[in-house]
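# Reading the structure
Chain by chain, the residues:
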Amino acid sequence: MAMIPDDVAELAEVAPPVGPGTVGIAVQTQFGDIRKRFFRNKLAVIGLGMVAFVFLVALLAPVIAPHDPYEQNLSATTQPPSGAHWFGTDELGRDQLSRVMFGSRIAVVVGLTSILLALGIGIVLGSIAGYRGGRADSVVMRVADAFFAFPVLIGAILIILVTGRGVLPVILAIAIFTWTVPARLLRSSILSVREAEYVEAARSLGASKWRIVTRHVLPNSLAPVLVYGMVSVGAAIVAETALSFLGVGVKPNVPDWGNMIASGRAFFGYRDFLWVFPSLAAVFTVLGFIFVGDGLRDALDPRLR
Amino acid sequence: MVLVLFGASLILFVALFILPGDPIGTAAGSERARDPAVRAVLEKRYALDKPLPVQYVRYVSRLVRGDLGESYRQRQPVSRVLRGRFGATAELALAAILLEVIIGLAAGIIAAVFRYSFWDVAVTLTTTLAIGVPTYVGGSILQGIFAQKLGWFPRSGRAGFSSIVLPALTLASVDAALVARLMRGTMLEVLRADYVRTAMAKGLSKRTVILKHVLRNSVIPVVTYLGIAFGTLLGGALITEQIFNWDGIGLALVTAITAQDNPIIIAVVTYGVAAFVIVNLVVDIAYAYLDPRIRLE
Amino acid sequence: MTAESFIRGMTRAAKQAAASDVAYHMAGIAGYTDLHGTGQPGSVAKATEFSGLSAPDPHTLKVKLSAPDCEFDRKTLQPVMSPVPKNAGDAANKAFNDAPVGNGPFKLEGGWRHDQGITLVRNDSYFGDKAYLDKVELTILPSQDAAEAEYRGAQSNQFDYARIPPALIPQAKATYEPKHGFISKLSYGINYLLVNVVNPPLNSPDARKAISLAIDRDAIIDGVFKGFQTKATSIIPPPLKAYYQPTVCDVCDKPDLGRAKALAASGGLPPGTKVSLAFNTGGGHEAWVQAIGQELEKNLGLKVDLQPSPFAELLKKEKADNASGLFRAGWSADYPSAENFLFPLLSKHSLPPGDNRGRYVNERFDDLLAQARKAPTEGARANLIKEAERQAIGTDMALIPLWYRSQYRVFEASKWAGVSLDFFENPSLATIHQK
């Protein structure tokens, strides 16, 4: 049915070239090359720095946050940024800086876990479809089509309305509607790789199907999927904040960028610091992931440079 | 394809059936007491006392005849409630696609042709920002600055040409950025291809080469992407329509979800899926036309 | 238009097939249950006429009540008792429902443009003082963020009159009050916490009083609402001057942590008890609900479980057999009547499917209300009602009052005068005129 939209799809056709036989060594050299190319790309390195920074903040939040993000102070609500509160206080008097810091934990956890889950499901189903072919392929692809055609946001909302709000439902909801793209990517990838010479060689040497898949087919087809994964973490974070914004994300008192932007939006033009800081945090994080994703894609396919 | 449609609608129906909440409450009205007499009448009217499979079959048999049922909240036929709104969403979708095509293609082409120049960098940065900033943030900002503070455009509602500008821009930004990047990437790859180098070696001017060969071949994946984007847009842009109060089906959907007005939810989502599927079918066909290699299949 | 028109209108709405959720206002008229059904499952209403209504001549409407009700005249404020013309048909007649004809100072021009708007023009054949305005354009906005859309619209001069989203009330007052375009009014309503009084952990008056004493209403009103609410120390609000008792709830005024802890202990609410606090999303309640949650946790050591849900689901939760804990609630009077605050919310006759979702039952309370209905003088009635409130709120704390209902609006004062709010919290269109 529909073709894969992403420019990442190009990569499905250009799995790194590998000579027959010496698979192991060839893969190792590739990684060295890829790493070198990646680090030569300034934007990618900056992106990596940004992502690392966010991870660090997420990890160290309980230690470095100046205040308890849940602690209310009703006598000092919606205070503009000051020496005591660098990002100001929200409508319950909670310190925004601490809340933004803790918000990074939700973003990172939800972003990573949902995409990992989506990749997991996608890889399993995609390899079944790509490698087994035939009936299994059609079934998986039809199911993928149905989920693909279903609008992500609406699907997520419905799932959350059924299961209730919280971190886990959000992760699940996002994963359920994003696994189709990695599945399709992997399937294309596998389709092009499985006819390659070295796979033929392995098969004629008597290697079992399992070994072929895990040792030869998968490592060479995973590249585009991983790039997609990296770029999508940003999208997953945005989706999570969008769900909170619509009021179906994590619970309202949890420090979460989407929650903060949603409640801050009511004060637009009056106390803008309430939504500006979490928005900046979200944009900063997403940009970091985009730069890294772009860098990865360029490093994996030198011809594009 | 019909299978996809049925599959999606079945998922939807089941999900709504399991949903906690009280659609009868919605039908009967506001916070007030619900008379059992009233409940009984409404339950009968909407067949909500029958088991799920019966309800589904009833729905589909009516759907085939063109009867979408009656909205719980408004007690009006769904088709009447949504009639004008399909047009509104389509308007927005068309405007957005137009912007995406024009801005996206232009930016991508410029970035590819003037590689490594200031323009290339500018395009890359702008597109990255457009993708990185979430729609509701971008939309709120556009609305706040250009409508609220400067007053150049109306803040919300659907009235005349100027009111479509901000929502269309908001909607188009992410896709336009992706289109620009896609176009740039594909063009760069094609520019390196053998047949292009041959053409240039033969003495054809760069401009002819670009216009005749490069563009035509680069645009294919972009068309595919635009197809998907358009199909999605037709399904209604929830966030944008909400921010700008645009009377489309997306907004109707948001209201329906809060009020648990199931007939509306089902109608809009099913329509969205159908539109998406149909548009992609059209794109696949166009794809075959544009890329002669595919026709052989 | 004659008395017959009123009978037509009332019968039309009361019929069982109409499934009208506002017909209950007429429940006190004789013959209602014959027309509407008793509310018991399986009850079928056979009558087609409203036996309690009659029109001996075109200018007289006779209403027979099934029981004495001194406030029936106020109930006629409700639109459900409006007259309708002969061509109205029955309740399901969509043509009429989309373009209703009434007897007020304005009439509809064009039909009801669903989800878009309504246009009103002056009714020159109105029997009372004619309105000044020629035309009124009402824009229907989606209920999500409606207040915000209205207010922003007013700021950009798209609307002449608008509500204000709670977060921006301070800004609205600062901007519009100097221009005399800011309306502030205490209306006939109350915001409170509904408590399920039959299931633990809040099934004892002491437990409920402990909760009330642990809530610092002043701090929440100042911090979250920036002072734009009025603390409630009773259920019956100040506008009902003859019935208002500011001291009826002695645990609503200021927090008292020592006493609260003692009451919690004796009421079976030890620290660590799990209490749920459910509220409806989309109403802007997120902030103050969290404030209360944290106060209860800090002051009484309770474990508060905040439960946001869509409105319909909240109602379902309240009515469930195993419902427990606190629920955000608000009540707006149907007509200017003190009884309308007590009877629908706390009487045993109002148990679900009625609005007494906390399931409070007290025979003495119901007796007092019944006597009040029959009381021969306003003074006697007021005493009985006050005593009833003292029983339900003062002694039993069946509901936890939070703050009264304040309404704020902005309007374009440079162009318009005579703008105020009527009982239904709508703009007084009939008195608005150009400056």
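What you see is a predicted model; the values in this text were computed from it and never measured.

Moving on, we get to the overall build of chain B. A tally of regular secondary structure across chain B gives 14 helices and zero strands. Written out in order from the N terminus, the α and β elements of chain B read α-α-α-α-α-α-α-α-α-α-α-α-α-α. Expressed as a percentage of its 297 residues, the buried residues of chain B come to 53%. Working note: accessible area of chain B is about 13000 Å², and carbon and sulfur atoms make up 69% of it.

Moving on: unusual backbone geometry. Cis geometry marks the peptide bond from Pro200(C) to Pro201(C), where omega comes out at 5°. In this fold, Pro201(C) is placed in the loop between β7 (182-195) and α7 (205-214). With a phi close to 45°, Thr78(A) is a non-glycine residue in the positive phi region. In this structure, Thr78(A) sits in the loop between α3 (42-64) and α4 (96-132). Relative accessible area serves as the criterion here: at 7%, Thr78(A) is assigned to the buried category. Notably, His180(C) is not glycine yet its phi reads approximately 65°, a positive angle.

Turning our eyes to something else, we now look at the packing of α3(A) against helix α12 (residues 273-300) of chain A. All names here are of chain A. Between α3 and α12, the shortest axis-to-axis distance is 7 Å and the interhelical angle comes to 135°. Between α3 and α12, the crossing angle belongs to the class labelled oblique. Our pair here, α3 against α12, has a crossing hand that is left-handed. Here α3 contributes Leu-43, Ala-44, Gly-47, Leu-48, Met-50, Val-51, Phe-53, Val-54 and Phe-55 to the contact with α12, which in turn contributes Phe-284, Thr-285, Leu-287, Gly-288, Phe-289, Phe-291, Val-292 and Gly-295.

If you look at the interface, chain C gives 24 residues, while chain A gives 20 residues. Summing both sides of the interface, chain C and chain A together bury roughly 1800 Å²; the carbon and sulfur share of this comes to 52%. The three residues of chain C that bury the most area against chain A are Ala167(C), Gln290(C) and Gln294(C), which together make up 27% of that side's buried surface. Connecting chain C to chain A are one salt bridge. A salt bridge links Asp305(C) to Lys251(A), with the nearest nitrogen and oxygen atoms 3.6 Å apart. On the surface where chain C and chain A come into contact, there are nine residue pairs in polar contact (both at pLDDT 80 or more). Among the secondary structure elements, those contributing two or more residues to the side of chain C that touches chain A are α5 (146-155), α6 (169-176), α8 (217-223), α10 (286-300) and β9 (303-309) of chain C. Residue composition of the side of chain C that touches chain A, by class: twelve nonpolar, five polar and seven charged.

Right, let's get into the pairing of strand β10 (residues 326-332) of chain C. Residues and elements named next belong to chain C. The element β10 is largely enclosed, with a buried count of six among its seven residues. Sheet topology places β7 next to β10; seven bridges connect them, and they run antiparallel. Note on β10: the bridge partner recorded for Tyr-192 is Ala-329. As paired strands, strand β8 (residues 274-280) and β10 are joined by two bridges and run parallel to one another. Across the sheet, residue Leu-277 finds its bridge partner in β10, namely Leu-326.

Our focus in this paragraph is the pairing of β8(C). Across the seven residues that make up β8(C), a large majority, six, are buried. One crossover worth recording links β8(C) to the parallel β9(C) by way of α10(C), and it is right-handed.

Turning next to the sheet that holds strand β4 (residues 117-122) of chain C. Residue and element names in this part refer to chain C. With antiparallel pairing, three strands are arranged side by side in an open sheet as β3-β4-β5. The strands lining the two open edges of the sheet, one partner per strand, are β3 (106-113) and β5 (135-139). Here the strands of the sheet are splayed against their neighbours by 20° on average, with no regard to which way each runs. Direction of pairing for β3 relative to β4: antiparallel, over a ladder of five bridges. Within β4, the position partnered with Leu-108 by the bridge is Leu-120.

Taken as a whole and assessed by the stated rule, the structure comprises 27 salt bridges over all chains. Ionic contacts of the salt-bridge type, sharing partners, join the residues Asp218(C), Lys231(C), Asp253(C) and Lys254(C) into one network.

When the terminal C-alpha atoms of helix α5 (residues 134-149) of chain A are compared, their 22 Å separation across 16 residues agrees well with the 22 Å that a helix rising 1.5 Å per residue should span. Every buried residue belonging to α5(A) is among Asp137(A), Val140(A), Met141(A), Ala144(A), Asp145(A), Ala146(A), Phe148(A) and Ala149(A), and all of these are buried.

This part is about the nonpolar core. Within the largest apolar cluster, 88 residues are counted, with the highest numbers of intra-cluster contacts made by Ile157(A), Leu243(A), Leu82(B), Tyr136(B), Leu253(B) and Val269(B). The residues touching Leu243(A), leaving out its near neighbours within four places in the chain, are Leu153(A), Ala156(A), Ile157(A), Ile160(A), Val170(A), Ile174(A), Val248(A) and Gly249(A). Grouped together as the second largest cluster of nonpolar side chains are 78 residues, Leu269(C), Leu296(C), Leu369(C) and Leu402(C) included.

All names here are of chain C. The end-to-end C-alpha separation of α10 is 21 Å, in line with the 21 Å expected for 15 residues at 1.5 Å each. Across the 15 residues that make up α10, a large majority, twelve, are buried. Taken together, the buried positions of α10 are Ala-287, Trp-288, Val-289, Gln-290, Ala-291, Ile-292, Gly-293, Gln-294, Glu-295, Leu-296, Asn-299 and Leu-300. Of the residues one or two after α10, Gly-301 is the one with positive phi, at around 70°.

Turning to the sheet that holds β9(C), a few remarks are in order. Residues and elements named next belong to chain C. An order of β6-β11-β7-β10-β8-β9 is seen for the six strands of this open sheet, with the pairing classed as mixed. Every interior strand has two partners, whereas the edge strands, β6 (161-163) and β9, have only one. Each strand axis lies, on average, 30° off the axis of its neighbour in the sheet, ignoring direction. Sitting on the sheet, α5 touches β6 and β11 (399-411), and the angle it makes with β6 is about 145°.

Before going further, it helps to examine the environment of Leu193(C). All names here are of chain C. Inspection of the secondary structure assignment puts Leu-193 in strand β7. For Leu-193, a relative accessible area of 0% translates into the label buried. In this structure, the C-alpha to C-alpha distance between Leu-193 and Gly-9, residues 184 residues apart in sequence, is 36 Å.

Turning next to the side chain of Thr89(A). All names here are of chain A. Within the element layout of this structure, Thr-89 appears in the loop between α3 and α4. Here the side chain of Thr-89 touches Ala-76 through a polar contact of 2.8 Å, landing on its backbone oxygen. A distance of 3.3 Å separates a polar atom in the side chain of Thr-89 from the backbone nitrogen of Thr-78. Those residues within four positions of Thr-89 in sequence are excluded, and the remaining contacts are Ala-76, Thr-77, Thr-78, Gln-79, Arg-94, Gln-96, Phe-273 and Leu-274.

We now examine the environment of Val45(A). Residue and element names in this part refer to chain A. Counting through the fold element by element, Val-45 comes out in helix α3. Judged by its relative accessible area of 32%, Val-45 falls in the partly exposed class. Taking the C-alpha atoms as reference points, Val-45 and Gly-288, separated by 243 residues in sequence, lie 9.4 Å from one another. Beyond its immediate sequence surroundings of up to four residues, Val-45 is in contact with Phe-38 and Phe-39.

Before going further, it helps to spend a moment on the packing of helix α11 (residues 257-265) of chain A against α12(A). Residues and elements named next belong to chain A. Contact pair α11 / α12: the axes reach a minimum separation of 8 Å and the direction vectors enclose 145°. Of the two elements, α11 crosses α12, and the hand of that crossing is left-handed. In contact with Trp-257, Met-260, Ile-261, Gly-264 and Arg-265 of α11, α12 contributes Leu-274, Trp-275, Pro-278, Ser-279, Ala-281, Ala-282 and Thr-285. Split by residue class, the contact of α11 with α12 holds eight nonpolar, three polar and one charged.

Another point: the packing of aromatic side chains. Both the distance between ring centres and the angle between the ring planes are used here to describe each pair of aromatic rings. All names here are of chain C. Overall, the coordinates contain 19 aromatic pairs over all chains when judged by the stated rule. Judged by centre distance (5.4 Å) and plane angle (80°), the ring pair of Phe-228 and Tyr-408 falls under edge-to-face. With Phe-228 in the loop between α8 and α9 (257-266) and Tyr-408 in strand β11, this pair connects stretches of sequence that are 180 residues apart. For Phe-228, a relative accessible area of 13% gives the class buried.

Criteria and cut-off values
- Along each chain, the written sequence defines residue order, and numbers are assigned to residues from 1.
- Labels are handed out in written order, letters beginning with A for the chains and numbers beginning with 1 for the ligands.
- Reporting of local features is limited, given that this is a predicted model, to residues whose pLDDT is at least 70; pairs of side-chain atoms are given and counted only at 80 or more, and all residues count toward the totals for whole chains, interfaces and linings.
- Side-chain measures here rest on the full set of heavy atoms in the structure, leaving out hydrogens and waters.
- The numbering of helices and of strands both runs from the N terminus, where a helix is a DSSP run of H or I of at least 4 residues and a strand a run of E of at least 2.
- Only protein chains enter the calculation, and the probe is 1.4 Å; a residue is then buried if its accessible area is under 20% of its type maximum, exposed if over 50%, and partly exposed in between.
- Accessibility throughout is a Shrake-Rupley quantity obtained with a 1.4 Å probe, and a residue counts as covered only by protein chains that appear here.
- Lines are fitted to the C-alpha atoms to define the axes, a helix being fitted only along its stretch in contact, and any angle between axes, read from their N-to-C directions, falls within 0 to 180 degrees.
- In this scheme, roughly parallel covers angles under 35 degrees and roughly antiparallel covers those over 145, while 65 to 115 is roughly perpendicular and the rest are oblique.
- Note: crossing handedness is left-handed where the near helix turns anticlockwise from the far helix by less than a right angle, and right-handed where it turns clockwise.
- Contacts: residue pairs with any heavy atoms within 4.5 Å of one another.
- We define buried area as the total accessible area lost by two parts upon association, computed with a 1.4 Å probe and summed across both.
- What counts as a salt bridge is simple: a side-chain nitrogen of Lys or Arg found within 4 Å of a carboxyl oxygen of Asp or Glu.
- In protein, a polar contact means a hydrogen-donor-capable atom and an acceptor-capable atom, both N or O and within 3.5 Å, with residues adjacent in sequence counting only if both atoms are side-chain atoms; elsewhere, any N or O pair within 3.5 Å suffices.
- Lys, Arg, Asp and Glu make up the charged group, whereas Ala, Val, Leu, Ile, Met, Phe, Trp, Tyr, Cys and Pro make up the nonpolar group; the residues left over, Gly among them, are polar.
- When DSSP finds two or more bridges between a pair of strands, those strands are recorded as paired.
- The path from the first strand over the helix to the second decides the hand: if it runs clockwise while the strands point away from the viewer, the crossover is right-handed.
- Helix span, expected: 1.5 Å multiplied by one less than the number of residues in the helix.
- Buried Ala, Val, Leu, Ile, Met, Phe, Trp, Tyr and Cys residues form a nonpolar core when they are joined through side-chain atoms within 4.5 Å.
- Pairs were defined over the aromatic rings of Phe, Tyr and Trp, the Trp ring being its six-membered one, requiring ring centres within 6.5 Å. Orientation was assigned from the angle between planes: stacked under 30 degrees, edge-to-face over 60, tilted for the rest.

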